[in-house]
Amino acid sequence: MTELNHTYRGKNGPTNVLSFSQSEGLKIISDRNMLGDVVICSDRARSDAEDLGYTDDEMILYLLIHGLLHLHGLHHDSPLDAEQMTGEVNDIFHKFFD
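Parameters and conventions
Residues numbered from 1 in each chain as written. Predicted model: local features only at pLDDT ≥ 70, side-chain atom pairs only at ≥ 80, totals over all residues. Heavy atoms only, no water. Core = buried A, V, L, I, M, F, W, Y, C linked by side-chain atoms within 4.5 Å. Buried < 20%, exposed > 50% of the residue type's maximum accessible area, 1.4 Å probe, protein only. Helix = DSSP H or I, 4+ residues; strand = E, 2+ residues; numbered from the N terminus. Contact = heavy atoms within 4.5 Å. Arc of directions from axis to C-beta.

In terms of nonpolar packing, the biggest core is built from 13 residues, with Met59, Ile65, Leu69 and Val89 touching the most fellow members. For this core, the elements supplying multiple residues, two or more each, are helix H2 (42-52), helix H3 (56-71) and helix H4 (79-95). Take this core: its biggest share by element is 6 residues, from H3. Other than its neighbours up to four places away in sequence, Leu69 contacts Leu74, Met85, Glu88, Val89 and Ile92.

Take H2 next. Here H2 has its buried residues at Ala45, Asp48 and Ala49. Down the axis, H2 shows its buried residues gathered within 105° of arc, on one side only. Pointing more than 90 degrees away from the buried face of H2 are the exposed residues Asp43, Glu50 and Asp51. Buried-residue contacts for H2 involve strand S2 (36-40) and H3. Among the residues trailing H2, Gly53 stands out with phi positive, at a value near 80°.

In C-alpha cells:
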C-alpha cells in the first residue's frame, strides 16, 4: 500500500484505502457499470479498528464504503468536503447495524 500511495498520490507511507476509478484515464473495460477498484490495507485497517473501537470486519466495511463514495465522486479535500464525506460514510455504515 505504501508503494501504491506513493505512485498514485505522491504521498509517503501507507494509507488505509485507495480508490481507482474506471471513468478516468485509459478505458480498458467497456462495462459502464464498473465503477473501479477499491484497495484496502488490512494492516492499517486493523490498526484503525483498534484506535476507533471497531472490529476488524467493521473497519473493512467502513473503508469499503469510504472507497466506494470516492468512486461516486465524493472527496475530502476541504473541511466542508471532509464533513460531507464523513457524514455519508457514517449514514451508510450505520444502516448495516440498524
